[in-house]
Amino acid sequence: MAAWRMSRSFLGTPPSVTEARRFVTTFLAGWPLVDTAELIVSELATNAIRHSATKRFGGRFHVEIQAERHRVWLGVTDEGGPDAPAMHTPGGEEEGGRGLLLVATLADSYGVRGDEYGRTVWATLLVPVAGAASAPFRPGAGESRG
Ligand SMILES: Nc1ncnc2c1ncn2[C@@H]1O[C@H](COP(=O)(O)OP(=O)(O)OP(=O)(O)O)[C@@H](O)[C@H]1O
Ligand SMILES: [Mg+2]
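Computed from a prediction, not measured in an experiment: that's the story for all the values here.

From N to C terminus, the protein chain includes three helices and five strands. Secondary structure of the protein chain in N-to-C order comes out as β-α-α-β-β-α-β-β. Every one of the 146 residues in the protein chain was classed for burial, and the buried ones make up 39%. In the protein chain, the share of contacts with a sequence separation of at least 24, taken over all contacts with a separation of at least 6, comes to 65%. For the protein chain, the exposed area adds up to about 8300 Å²; of that, 51% sits on carbon and sulfur atoms.

So, in structure tokens, the structure goes:
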């Protein structure tokens, strides 16, 4: 099955988080981990509009999905800024700080790349081959037949 890649930019405003979630659920419809992918992108998009230069007037963030049958790569790219994503200590005293911990827990791998001019926080999800009710997918396609 051919891998595919899909991406879209969003305005850095709260309603865009909902749009980004819908973007994920539309293109990963029917994939076993679609809800997890949606949650991860929701956390990362929220971080982009809350903590990065994306929050400036007119700022944007970008969501990319790369899909293979058993593996999905998700990336949210922001407009950078002085602060970098930094996971809070589990059980620490700080308020908030659960988003990246949640992403780290849910994802098979995750990371950050980039600098003050733009950062991508990415995560991968794997479906074990044995449990492969997988059929991800071609973009926008329903179940494949044939
Ligand atoms: N895209 C980003 N750009 C810059 N800093 C970030 C970004 N994402 C996260 N951070 C920094 O990393 C910290 C941890 O992020 P995390 O999502 O875990 O917590 P939070 O957003 O503060 O709270 P919560 O997600 O629980 O509402 C943030 O407080 C922020 O300082
Ligand atoms: Mg957060």
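Within the span of helix α3 (residues 99-106), buried status applies to G99, L100 and V103. All buried residues of α3 lie within an arc of 95° about the axis, which places them on one face of the element. Elements that come into contact with the buried residues of α3 comprise α2 (34-51), β4 (109-115) and β5 (118-126).

By the bridge criterion, seven bridges tie β4 to β5 in an arrangement that is antiparallel. By the bridge assignment, R113 is partnered in β5 with T120. Linking two consecutive strands that pair antiparallel, namely β4 and β5, is a turn of two residues.

Here the focus is the site of ligand 1. Neighbouring ligand 1 are 16 residues, the closest being N47, H51, D78, G97 and R98. In isolation ligand 1 exposes 590 Å². Once the protein is present, 85% of that is buried. Among the elements of the structure, α2 and α3 are those that each provide at least two residues to the shell around ligand 1. Looking at which element gives the most residues to the shell around ligand 1, the answer is α2, with four residues. Among the residues making up the shell around ligand 1, the classes are represented as four nonpolar, seven polar and five charged.

To continue, consider the nonpolar core. One broad rule of soluble globular proteins: the nonpolar side chains tend to lie buried together. Counting residues in hydrophobic clusters, the biggest one holds 31 residues, and the most contacted among them are L28, I40, F61, V63, I65 and L74. Where this core is concerned, the elements lending two or more residues are β1 (4-11), α1 (15-27), α2, β2 (60-67), β3 (71-77), α3 and β5. A total of eight residues in this core trace back to one element, the largest contributor, which is α2.

This paragraph deals with the environment of R50. Looking at the secondary structure, you find R50 in helix α2. Residue R50 is classed as exposed on the basis of its relative accessible area, which comes to 52%. Sequence spacing of R50 and T13 is 37 residues, and the spatial spacing of their C-alpha atoms is 9.0 Å.

A word on the confidence of the model for the protein chain. Per-residue pLDDT for the protein chain averages 88, and the proportion of residues at 70 or more is 83%. Every residue in residues 141-146 scores below 50 in pLDDT, and together they form one contact with partners more than four places removed in sequence or on other chains.

Rules used in this analysis
- Residues numbered from 1 in each chain as written.
- Chains lettered and ligands numbered in written order.
- Predicted model: local features only at pLDDT ≥ 70, side-chain atom pairs only at ≥ 80, totals over all residues.
- Heavy atoms only, no water.
- Helix = DSSP H or I, 4+ residues; strand = E, 2+ residues; numbered from the N terminus.
- Buried < 20%, exposed > 50% of the residue type's maximum accessible area, 1.4 Å probe, protein only.
- Contact = heavy atoms within 4.5 Å.
- Areas by Shrake-Rupley, 256 points an atom, 1.4 Å probe, with all protein chains shown as cover.
- Arc of directions from axis to C-beta.
- Pairing = 2+ DSSP bridges.
- Near = heavy atom within 4 Å.
- Nonpolar A, V, L, I, M, F, W, Y, C, P; charged D, E, K, R; others polar.
- Core = buried A, V, L, I, M, F, W, Y, C linked by side-chain atoms within 4.5 Å.
- pLDDT = per-residue confidence, 0-100.

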